[in-house]
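Results of the structural survey
If you want the building blocks of each chain, they are given just below.
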Amino acid sequence: MAYEKVNELNLKDTELRLGLPGTEQAKEEQEVSCVRSSKRQLQSDNEEESTPPTKSQIVGWPPVRSYRKNNNSVSYVKVSMDGAPYLRKIDLKTYKNYPELLKALENMFKFTIGEYSEREGYKGSGVLPTYEDKDGDWMLVGDVPWDMFSSSCKRLRIMKGSDALVLDSAL
Amino acid sequence: MDRRFPFKVLEHIFSFVDSNEDRNSVSLVCKSWFETERRTRKRVFVGNCYAVSPLKVARRFPKMRSLTLKGKPHFADYNLVPDGWGGYAWPWIEAMAARRPLLEEIRLKRMVVTDECLEKIAASFRDFKTLVLTSCEGFSTDGIAAIASTCRKLRDLELRECIVDDLGGDWLSYFPETSTSLVSLDFSCLDSEVKLSDLERLLSRSPNLKSLKLNRSVTLDVLESLLRRAPQLVELGTGSFSDELDPEEIAKLTKALSELKQLKSLSGLWDLLPEYIPLLYSVCPRLTSLNLSYATVQMPDLIDLLSRCSKLQKLWVMDLIEDKGLKTVALCCKELRELRVFPSGADLDETDVTLTEQGLVSVSEGCKKLESVLYFCVQFTNAALVSIAKNRPNFRCFRLCVMEPFAPDYRTQQPLDEGFKAIVEKCKDLRRLSVSGLLTDKAFEYIGVHAKKLRMLSIAFAGDSDLMLHHLLSGCQSLKKLEIRDCPFGDTALLENAAKLETMRSLWMSSCFVSFGACKQLSQKMPRLNVEVIDEHPPKTRPDSSPVERIYIYRTVAGPRLDTPEFVWTIHKSPEVGVSRLSIR
């Protein structure tokens, strides 16, 4: 709703457009801190794949004090286990090596994992801990040195049952 | 005009008037009441350090013993206010040091405090007792050392979430060697290690210490030794809670914790490991306040802990608590008054969300005394908001952050207008509100109509037009602070409701559509408002119609401030001059 004339103001003069002064056509200039226009586009036109700035690019959003953000600079990764109803999140920084991590996972999901060997993966238990790395590839937990793993792991998936067996035998 | 009461009688009566709001009203009755009140006010609160000059405040309240000041706008917490904007404590410290040497307490929030300020405080106020700095910056541990060493009657030294130039832990050794009068010590925001022996000796000679908040670098293995020396603690903020302890150490620490018979508040708990939760069992039943927002424990462990905290009134936790954990809280923590659930920072593009609106609904059902909420959640529904409002009409503070901007009710795809309508309709005592999610102008119409006691409102990514702002400014009678970001309006509503702005402490708008021209008009219209334009580009170089990045408007009797940095322009009162940027440090 727009007022034509309010308090003798000619609104055309104060009409705001996101554009360079002097241009007639309003250009959609996206400031990183203003996501409004792109979002509205998404709502009205479902097919167009416009890319709004990701949430991490919006300044000051979500509104969490930087003090808190810095203190919680933890690397949370989601952990799912096939068949388990709940996802878990763990902070990889609390573990110093693979045995610690695996023990924690065992406790968390109440299972036992087979013994790991570089050549043969996890033998015997039909449970396979896998993870997705930065590049989106799914790898076996334990294949790379711990530091490399903890910095590149994005999420964990503990495979069970037939999926695990298939993968197990393929490795 | 009341000449019947002698000054002494009035003075005596006013000494029972504690609240500053009441005192402000008292001051307005007549001249003699103004005079009497001002001579008896001991605790002075200035909500915006630029609203009045330090000199005026110093002169007005000769009996001032406590000064509380706030500086930067609230959105500075989220990096929306560029560094260097202002909020300097120095002019205040200087003025008080010269005129009010009997000042005992200084509390500052969001201000720039330098070592010079701290040294001045130490040197000028001989009875100085209390220093509380919240979200402040600009000083180093040297300044703290000055306070520690010089203020012989120091009772409270609290650094809450400050950004400190940490030059090392030596400052702790500067407290006087004889017994101290310390009651509370909070250095949780410092990074560097303090010497254990310094800390142990300090605790041994601080018999009045009730509140101790350690920093993260204090490791778990030394905690026992510290607690042994301060069993009278009422508030404890631990250091890191993740180091490996052998069974003997665990036993000793368990015992030390169980000896804290007065302990009511627990915080810190950085990196809390699940296996150490049983150590806390003994303190849980007495706890009224628990801050787990830095404890990276999972839901099952949180349930283990929280199910034992039947007296809990305040709980801060991360979303790792999940709906199930909040259900436990609803069942077990019947005394709960305040709940804050922070995001654990995990990926926002999640499909499996284990903390949902249901968590908050459960707590609103089970915790009948709940009155203050801060809740971060990926998405929400109107139905949940309606339930919550029905369950808890006693909310005073409701801050919901739906982290997905413009997220509608995820079940119905409708805006969250109806949900927030229920909140403001039912919660008649609502003082503070933060809205989020997809909202149209209608939501703000509801807020304007119903939220009559609302004092502070925060809005992001909402509304359709100027109507939104118009509803708020014309409707919310008690509104004192309004902060808005990324909303599509500005000029018309602002100018229409200009008079309202003088009844408010401040208005912040960033990434909205407020034009430079409107700012000029507003400033011209309202002589007692400072209209600050905060923009990278000088407004003069752009047409009046171009939007400015940020505006901060606040009422003041001090005129335009003299300490603006190069990116802040206070709009001058005469339009021909345009903008003034007087910069005198």
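Quick caveat, the model's predicted, so the values are computed rather than measured.

1. Here's the deal with the overall build of chain B
When helices and strands are counted, chain B shows 20 helices and 24 strands. Over its C-alpha trace chain B gives a radius of gyration of 25 Å, about what one expects of a compact globule, namely 25 Å for 585 residues. Dimensions of chain B, computed from C-alpha atoms along their principal axes, come out at roughly 75 × 65 × 55 Å. By the burial criterion, 61% of the 585 residues in chain B qualify as buried. Sequence separation of 24 or more characterises 69% of the internal contacts of chain B that already satisfy a separation of 6 or more. For chain B, the exposed area adds up to about 22600 Å²; of that, 51% sits on carbon and sulfur atoms. Put simply, chain B has 82 plus and 78 minus side-chain charges, and the middle of one group is 11 Å from the middle of the other.

2. Some points on the overall build of chain A
In terms of regular secondary structure, chain A is built from 6 helices and 9 strands. Looking at chain A as a whole, 42% of its 171 residues qualify as buried. A separation of at least 24 residues holds for 39% of the contacts in chain A among residues at least 6 apart in sequence. In the form shown here, chain A has an accessible surface area of approximately 10500 Å², with 50% of it arising from carbon and sulfur atoms.

3. Some thoughts on the sheet that holds strand 9 (residues 153-160) of chain A
Residue and element names in this part refer to chain A. Taking strand neighbours across the sheet as the criterion, the 5 strands line up as 4-3-9-7-8 in an open arrangement whose pairing is mixed. At either end of the open sheet lies a strand with only one pairing partner, and these are strand 4 (88-91) and strand 8 (138-140). Strand-to-strand twist in this sheet, taken as the mean axis angle between neighbours without regard to direction, amounts to 30 degrees. Helix 4 (residues 98-109) contacts strand 3 (76-81), strand 4, strand 7 (127-133) and strand 9 of the sheet and is inclined by roughly 155 degrees relative to strand 4.

4. Description of the packing of helix 9 (residues 220-228) of chain B against helix 10 (residues 247-258) of chain B
All names here are of chain B. Running from N to C, helix 9 and helix 10 point in directions that differ by 40 degrees, and their axes come no closer than 9 Å. It follows that helix 9 is oblique to helix 10 by the angle criterion. Helix 9 and helix 10 meet at a crossing whose hand is left-handed. Side by side, helix 9 and helix 10 meet where Leu220, Asp221, Leu223, Glu224 and Leu227 of the first sit next to Glu249, Lys252, Leu253, Ala256 and Leu257 of the second. When grouped by side-chain class, the residues that make up the contact of helix 9 with helix 10 number 6 nonpolar, no polar and 4 charged.

5. Observations concerning the pairing of strand 23 (residues 568-571) of chain B
Residues and elements named next belong to chain B. Side chains Val568 and Thr570 project from strand 23 onto one buried face, and the interleaved Trp569 and Ile571 project onto a second face that is buried too. Of the strand pairs in this sheet, strand 21 (residues 529-534) and strand 23 are connected by 3 bridges, and their pairing is antiparallel. By the bridge assignment, Val533 is partnered in strand 23 with Trp569.

6. Re the state of the cysteines
All names here are of chain B. According to the stated counting rule, one finds 0 disulfides over all chains in the structure shown. Residue Cys284 stays outside any disulfide, its sulfur separated by 3.7 Å from that of Cys309, the closest cysteine. No disulfide involves Cys377; its sulfur sits 9.5 Å from that of Cys401, the nearest cysteine.

7. What about unusual backbone geometry?
Residue Pro62 of chain A is reached from Trp61 of chain A by a cis peptide bond, and omega for that bond is -10 degrees. Note on placement: Pro62 of chain A falls in the loop between helix 2 (36-44) and helix 3 (66-71). Positive phi is not limited to glycine here, since Glu322 of chain B has a value of about 60 degrees. Tracing the chain through its elements places Glu322 of chain B in helix 12 (residues 322-332).

8. Some points on the side chain of Lys129 of chain B
One can find Lys129 of chain B in the loop between helix 6 (115-124) and strand 4 (130-134). For Lys129 of chain B, the contacting residues outside a window of four places in its chain are Glu104, Lys153, Leu154, Arg155 and Asp156 of chain B.

9. Looking at the confidence of the model for chain A
Residues and elements named next belong to chain A. Taken as a whole, chain A shows an average pLDDT of 66; of its residues, 51% reach a score of 70 or greater. Within chain A, the element-level pLDDT minimum falls on helix 2, averaging 35, and the maximum on strand 8, averaging 89. Between residues 1-13, whose pLDDT stays under 50, and residues either more than four places distant or in other chains, the model counts 17 contacts. Here residues 17-53 is modelled with pLDDT under 50, and outside its nearest four sequence neighbours on either side it reaches 50 contacts, counting other chains as well.

10. Observations regarding the packing of aromatic side chains
For the structure shown, the criterion picks out 21 aromatic pairs over all chains. Ring geometry for Tyr98 of chain A against Phe149 of chain A: centres 5.2 Å apart, planes inclined by 45 degrees, an arrangement best described as tilted. In this pair, Tyr98 of chain A sits in helix 4 while Phe149 of chain A sits in helix 5 (residues 146-152), placing the two residues 51 residues apart along the sequence. An identical accessibility class is assigned to Tyr98 of chain A and Phe149 of chain A; each is buried. A centroid spacing of 6.3 Å and a plane angle of 85 degrees characterise the contact between Tyr375 of chain B and Phe380 of chain B, whose relative ring orientation is edge-to-face. Each member of the aromatic cluster is reached from another via a ring pair, and the members are Tyr50, Trp85, Trp508, Tyr552 and Tyr554 of chain B. In this structure, Arg68 of chain A packs its charged tip against the face of Phe342 of chain B, placed 3.6 Å from the ring centre. Over the aromatic face of Tyr50 of chain B sits the side chain of Arg561 of chain B, whose NZ or CZ is 4.4 Å from the ring centroid.

11. What to know about the confidence of the model for chain B
Taken over all residues, the pLDDT of chain B has a mean of 93, while the share at 70 or more is 95%. Interface confidence for the predicted complex, expressed as ipTM, amounts to 0.86; the pTM equals 0.83.

12. Description of the pattern of salt bridges
All names here are of chain B. Per the counting criterion, the structure on display carries 36 salt bridges over all chains. Among the salt bridges present, the one from Glu35 reaches Arg38, with a minimum N-O distance of 3.1 Å. Of the two residues, Glu35 and Arg38 are both situated in helix 3 (residues 31-40); the distance of 3 residues between them amounts to about one turn of the helix. The class of Glu35 is partly exposed, set by a relative accessible area of 24%. The residue Arg229 makes a salt bridge to Glu200 at a minimum N-O spacing of 3.7 Å. Taken together, the residues span a long stretch of sequence, with Arg229 in the loop between helix 9 and strand 10 (235-237) and Glu200 in helix 8 (residues 196-204) at a distance of 29 residues. Here Arg229 falls in the partly exposed class, since its relative accessible area comes to 28%.

13. Considering a negative patch on the surface
Residues and elements named next belong to chain B. A surface patch of like charges, here negative, comprises Glu94, Glu116, Glu119, Asp142 and Asp165. With respect to the helices, strands and loops of the structure, Glu119 is situated in helix 6. Of the residues examined, Glu119 reaches a relative accessible area of 41% and is grouped as partly exposed.

14. Examining helix 17 (residues 466-475) of chain B
Helical periodicity: at 3.6 residues per turn, an α-helix aligns residues three or four positions apart in one direction. Counting buried positions over the 10 residues of helix 17 of chain B gives 7, a clear majority of the element. Here helix 17 of chain B has its buried residues at Asp466, Met468, Leu469, His471, Leu472, Leu473 and Gly475 of chain B.

15. Quick notes on the nonpolar core
Core analysis: the largest hydrophobic core is formed by 187 residues, its most contacted members being Leu292, Phe380, Phe398, Leu433, Ile447, Ile459 and Leu482 of chain B. In this structure Ile459 of chain B touches Phe75, Val435, Phe444, Met468, Leu472, Leu482, Glu483, Ile484, Arg485 and Cys487 of chain B, once residues within four positions along its chain are discounted. Judged by nonpolar contacts, the second largest core, of 28 residues, contains Ile113, Tyr131, Val141 and Val144 of chain A.

16. A few points about the packing of helix 14 (residues 382-391) of chain B against helix 15 (residues 417-426) of chain B
Residue and element names in this part refer to chain B. It is the contact of helix 14 with helix 15, at a shortest axis distance of 7 Å, that shows an interaxial angle of 5 degrees. As far as their axial angle goes, helix 15 and helix 14 are roughly parallel. On helix 15, the residues that touch Asn382, Leu385, Val386, Ile388, Ala389 and Lys390 of helix 14 are Asp417, Glu418, Gly419, Phe420, Ala422, Ile423 and Lys426. Grouping the constituent residues of the contact of helix 14 with helix 15 by class yields 7 nonpolar, 2 polar and 4 charged.

The rules behind each value
Counting from 1, residues in each chain are numbered in the order their sequence is written. To label them, take the chains in the order written and letter them from A, then take the ligands in the order written and number them from 1. Only residues with pLDDT of at least 70 are given local features in this predicted model, and only at 80 or more are side-chain atom pairs given and counted; all residues enter the totals for whole chains, interfaces and linings. Water and hydrogen atoms play no part in the side-chain values, which are based on all heavy atoms of the structure. Helix numbering and strand numbering both begin at the N terminus, where a helix is a DSSP run of H or I of at least 4 residues and a strand a DSSP run of E of at least 2. What the globule rule says is 2.2 Å times the number of residues to the power 0.38, and the radius of gyration is computed from C-alpha atoms. Each residue is assigned to one of three classes by its accessible area relative to the maximum for its type, calculated with a 1.4 Å probe on protein chains only: buried under 20%, partly exposed between the two thresholds, exposed over 50%. Residue contacts are defined here by distance: any two heavy atoms, one from each residue, within 4.5 Å place the two residues in contact. A 1.4 Å probe and the Shrake-Rupley method give the accessible areas. Residues count as covered only by the protein chains that appear here. Neither His nor the chain ends contribute to the count of charged residues, in which Lys and Arg are positive and Asp and Glu negative. To locate a charge, the coordinates of NZ of Lys, CZ of Arg, CG of Asp or CD of Glu are taken. Pairing between two strands requires that DSSP report at least two bridges joining them. Structural elements are reduced to axes, namely lines fitted to C-alpha atoms, with helices fitted over the stretch in contact, and the angle between N-to-C directions of any two is expressed from 0 to 180 degrees. The labels follow the angle: roughly parallel below 35 degrees, roughly antiparallel above 145, roughly perpendicular from 65 to 115, and oblique for the rest. Should the near helix be turned anticlockwise from the far one by less than a right angle, the crossing is left-handed, and should it be turned clockwise, the crossing is right-handed. In this classification, the charged set is Asp, Glu, Lys and Arg, the nonpolar set is Ala, Val, Leu, Ile, Met, Phe, Trp, Tyr, Cys and Pro, and all remaining amino acids, among them Gly, are polar. When two cysteine sulfur atoms lie within 2.5 Å, the pair is treated as a disulfide. Summary of the metric used: pLDDT quantifies the predictor's per-residue confidence within the range 0 to 100. Working definition: a ring pair exists when centres of Phe, Tyr or Trp rings (six-membered ring for Trp) sit within 6.5 Å. Plane angles under 30 degrees give stacked, over 60 give edge-to-face, the rest tilted. Geometrically, a charge over a ring is one whose NZ (Lys) or CZ (Arg) sits within 6 Å of the ring centre while staying within 35 degrees of the ring normal. For salt bridges, the criterion is a side-chain nitrogen of Lys or Arg within 4 Å of an Asp or Glu carboxyl oxygen. A residue counts toward a patch only above 30% relative accessible area and without a salt bridge, and it is joined to like-charged neighbours within 9 Å or, for Val, Leu, Ile, Met, Phe, Trp and Tyr, to nonpolar neighbours within 5 Å. Residue types Ala, Val, Leu, Ile, Met, Phe, Trp, Tyr and Cys, when buried and joined through side-chain atoms within 4.5 Å, form a set referred to as a nonpolar core.

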